[in-house]
Amino acid sequence: MTDTASLVRRWRHERGLSQAELAQLIGTGQAAISRIENGRDVPTLPLLTRIAAALECRVSIAFESVEGGALHSRK
């Protein structure tokens with residue numbers, strides 16, 4: 001399961017919503033929410049923004065180094 005999948009599921013549970021209720025709030029089908037929460041689909045940024053609004057939270061994107069790697073500038 002991806003971070004996005006687990007976060008959508010966790011926030012939905014915290015808000016006491018079923019998949020069908022969340023889907024109705026954002027104008028999609030319950031199956032789409034299921035696919036997102038199971039990591040089978042990655043939501044687009046516009047869809048993720050609608051999900052966040054319905055769950056009364058915000059989208060935050062972060063870039064982090066992998067395995068202690070450092071950023072190198074190109075000259």
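Before any of the text, the structure's been laid out above.
Residues numbered from 1 in each chain as written. Predicted model: local features only at pLDDT ≥ 70, side-chain atom pairs only at ≥ 80, totals over all residues. Heavy atoms only, no water.

### Structural notes on the overall build of the chain
Secondary structure assignment for the chain yields four helices and zero strands. Walking the chain from its N terminus toward its C terminus, one meets helices and strands in the order α-α-α-α. Considering only residue pairs separated by 6 or more positions, the chain has 50% of its internal contacts joining residues 24 or more positions apart. Summed over its atoms, the accessible surface of the chain is roughly 5700 Å², and 52% of this surface lies on carbon and sulfur atoms. (Helix = DSSP H or I, 4+ residues; strand = E, 2+ residues; numbered from the N terminus. Contact = heavy atoms within 4.5 Å. Areas by Shrake-Rupley, 256 points an atom, 1.4 Å probe, with all protein chains shown as cover.)

### So, the nonpolar core
Listed in full, the 11 residues of the largest apolar core are Val8, Leu17, Leu22, Ala23, Ile26, Ile33, Ile36, Leu47, Leu48, Ile51 and Leu55. Contributing elements (two or more residues each) for this core: helix H2 (19-26), helix H3 (30-37) and helix H4 (45-54). The residues contacting isoleucine 26, other than those within four sequence positions of it, are Ile33, Leu47, Arg50, Ile51 and Ala54. (Core = buried A, V, L, I, M, F, W, Y, C linked by side-chain atoms within 4.5 Å. Buried < 20%, exposed > 50% of the residue type's maximum accessible area, 1.4 Å probe, protein only.)

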